[in-house]
Amino acid sequence: MLRKRQVHVDGNHPLPSNASQRSSCLFRRKIRLPVSRHVRSTAIRFTLIELLVVIAIIAILASILLPTLNKAREKVHTVSCKNNLRQVGAMFTFYADDQNGFCPPAFDSRGGSLYKGFTWDDFLGCNRYDGRALTLEEGRNDWWGCLPSLKVYCCPALGRNFPNPERRNFYVVNGPAWGPFRPKLSPGLNDSLADSERMQIFKLGKVKRPSRFIMLTELAAPGKFAGYINSMTISSGASQIYNSKNAESKSIDPIHQGRYNYCFSDGHVKDFHPLETDGSGGTGAPELWIND
């Protein structure tokens, strides 16, 4: 007699022969879980008072952080300006090394000069010290910023006060030190000078106190463009304050938290209040504009 095959579900309890069929039917059935008709919303709702409290807290935090962020931004601008002045000071040194110790003058305004209309940034641009390669014609005719300047000539803090900052040069040379004349620009461009004229060319090696003698500083003026003769020199801290104007010709305070940056003849850069450089700022500092 044949024994019917026993089906074990869990290995312990035998099931009747038709149990497997019932089991398969159970697995085929869809199991539905009871769902409540009233499901609570999980969205978080704020009252008007709570929203106002949050807004007030954000406003307080902003009022605390914004001045700090502004000071940090001004600090970055000051550091960037100092780096620019160091680079321009290095260009003056390289130029002097190639020109028998003579620095580029502020400008050349002689009527019969081959370099009439040249400014000190043109001298650097024609000889590629600043990365440009200006031609003689471009140097002479670049009176109103026709050619783009470089970021190295643009103080980022002063640039915010003027349109087209990329076409401006915000740096000036020490007026009493640099006369309007210059030595030959390069061996291929000879421009004879009388002895009396050559005596007015500033020689870097003749500085008596290089670490205490200003070579370059910054100045803002509406008509001050790269390559334009206007506002290429300054002769004192008081004059620097008086002549600093924005695009609307309104006076502006020293841009770096009440101070300006100064590049000295030895190449180091330091910030001062302008009157401190004249010895009239109450600090007893010697005048830094005169080579004595």
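All of these numbers come straight from a predicted model, not from anything done at the bench.

*Asks:* How would you sum up the overall build of the protein? Please name residues and give values.
*Replies:* Helix and strand counts for the protein come out as eight helices and seven strands. When the 292 residues of the protein are sorted by exposure, 40% land in the buried category. Residue pairs at least 24 apart in sequence account for 65% of intrachain contacts in the protein once pairs closer than 6 positions are excluded.

*Asks:* Can you tell me about the sheet that holds strand 4 (residues 214-218), naming the residues and giving the values?
*Replies:* Spatially, the five strands line up as an open sheet ordered 5-3-4-6-7, and their pairing is mixed. In the strand order of this sheet, the two ends are held by strand 5 (233-234) and strand 7 (269-272), each with one partner. Note: strand 6 (residues 260-264) against strand 7, four bridges, orientation antiparallel. Bridge assignment links Tyr260 to a residue of strand 7, and that residue is Phe272. Docked against the sheet, helix 2 (residues 48-98) engages strand 3 (171-174), strand 4, strand 6 and strand 7, running at close to 140° with respect to strand 4.

*Asks:* So what's going on with the environment of Ser265? Which residues, and what values?
*Replies:* If you trace the backbone, Ser265 turns up in the loop between strand 6 and strand 7. The exposure class assigned to Ser265 is buried, which follows from its relative accessible area of 8%. Linking Ser265 and Arg209, residues 56 residues apart in sequence, is a C-alpha distance of 8.2 Å.

*Asks:* Mind laying out the pairing of strand 4, listing which residues take part and the relevant values?
*Replies:* Strand 4 sits mainly inside the fold: five of its five residues count as buried. Two elements, strand 3 and strand 4, share three bridges in a ladder whose sense is antiparallel. Counterpart to Val173 in the pairing with strand 4 is Leu216. Alignment of strand 4 against strand 6, held across three bridges, turns out to be antiparallel. Within strand 6, the position partnered with Ile214 by the bridge is Phe264.

*Asks:* Account for the environment of Phe107, naming residues and giving values.
*Replies:* Structurally, Phe107 can be placed in the loop between helix 2 and helix 3 (120-126). Phe107 gets classed as partly exposed once you look at its relative accessible area, which sits at 22%. For the pair Phe107 and Phe118, spaced eleven residues apart in sequence, the C-alpha separation works out to 5.5 Å.

*Asks:* Go over unusual backbone geometry with me, naming the residues and quoting the values.
*Replies:* Residues apart from glycine generally show negative phi values, whereas peptide bonds are mostly found in trans. Positive phi outside glycine occurs at Asn100, with the angle close to 60°. Positionally, Asn100 belongs in the loop between helix 2 and helix 3. The backbone of Gln257 shows a phi angle near 50°, a positive value even though the residue is not glycine. Relative to the helices and strands, Gln257 is located in the loop between helix 7 (237-243) and strand 6. Judged by relative accessible area, Gln257 falls into the exposed class, the value being 57%.

*Asks:* Which residues make up the confidence of the model for the protein, and what are the values?
*Replies:* Of all residues in the protein, 72% have pLDDT values of 70 or greater, and the mean over the chain is 77. In this model residues 7-11 is a low-confidence stretch, pLDDT under 50, and it forms seven contacts with partners more than four residues away in sequence or in other chains. The low-confidence segment residues 181-190, where pLDDT is below 50, has 35 contacts with residues more than four positions distant or belonging to other chains.

*Asks:* Lay out the state of the cysteines with the relevant residues and their values.
*Replies:* Scanning all chains against the criterion turns up zero disulfides. Cysteine Cys155 shares no disulfide, and the gap to the nearest cysteine sulfur, in Cys81, comes to 3.8 Å.

*Asks:* Tell me about the pattern of salt bridges, and name the residues and values.
*Replies:* Under the criterion given, the structure shown has six salt bridges. The closest approach of N and O atoms between Glu74 and Arg160, which form a salt bridge, is 3.0 Å. Taken together, the residues Glu74 in helix 2 and Arg160 in the loop between helix 5 (156-159) and strand 3 connect sequence positions 86 residues apart. The exposure class of Glu74 is buried, given its relative accessible area of 14%. The exposure class assigned to Arg160 is partly exposed, which follows from its relative accessible area of 45%.

*Asks:* Run through the nonpolar core, naming residues and quoting values.
*Replies:* Membership of the largest hydrophobic core comes to 48 residues, with the highest contact counts inside it found for Phe92, Trp120 and Leu216. Listing elements by their share of this core, those giving two or more residues are helix 2, helix 3, helix 5, strand 3, strand 4, strand 6 and strand 7. In terms of residue count, the dominant contributor to this core is helix 2 (seven residues). With residues up to four places along the chain from it excluded, the contact list for Leu216 reads Leu85, Val88, Gly89, Phe92, Trp120, Val172, Val173, Asn261, Tyr262 and Cys263.

*Asks:* Summarise helix 2; cite the residues concerned and give the values.
*Replies:* Taking 1.5 Å of rise per residue, the 51 residues of helix 2 would be expected to cover 75 Å, and the 74 Å separating its terminal C-alpha atoms lies within 8% of that figure. Taking the largest bend as the criterion, helix 2 deviates by roughly 25°, centred on Leu65, and proline Pro67 comes between one and four positions later. One or two residues past the end of helix 2 sits Asn100, with phi positive at roughly 60°.

Cut-offs and rules
Residue positions are given per chain, counting from 1 as you read along its sequence in written order. In view of the model being predicted, local features appear only for residues whose pLDDT reaches at least 70, and side-chain atom pairs are presented and counted only at 80 or more, with totals across whole chains, interfaces and linings using the full set of residues. Water and hydrogen atoms play no part in the side-chain values, which are based on all heavy atoms of the structure. Comment: elements are numbered from the N terminus, with helices defined as DSSP H or I runs of at least four residues and strands as E runs of at least two. Partly exposed residues are those whose accessible area sits between 20% and 50% of the maximum for their type, while under 20% is buried and over 50% is exposed, using a 1.4 Å probe and protein chains only. Contacts are assigned to residue pairs that have any heavy atoms within 4.5 Å of one another. The pairing criterion is simple: DSSP has to find at least two bridges between the two strands. Each axis is a line fitted through C-alpha atoms, and for a helix only the stretch in contact is used; angles between axes span 0 to 180 degrees, taken between their N-to-C directions. pLDDT expresses how confident the predictor is about each individual residue, on a scale running from 0 to 100. Our working definition of a disulfide is a cysteine sulfur pair at a distance within 2.5 Å. A pair is scored as a salt bridge if a Lys or Arg side-chain nitrogen falls within 4 Å of a carboxyl oxygen belonging to Asp or Glu. To define a nonpolar core, start from buried Ala, Val, Leu, Ile, Met, Phe, Trp, Tyr and Cys residues and group those joined through side-chain atoms within 4.5 Å. What a helix is expected to span follows from its residue count: subtract one and scale by 1.5 Å. The reported bend at a residue is simply the angle between two axes, fitted to the 7 residues ending at it and to the 7 residues beginning with it.

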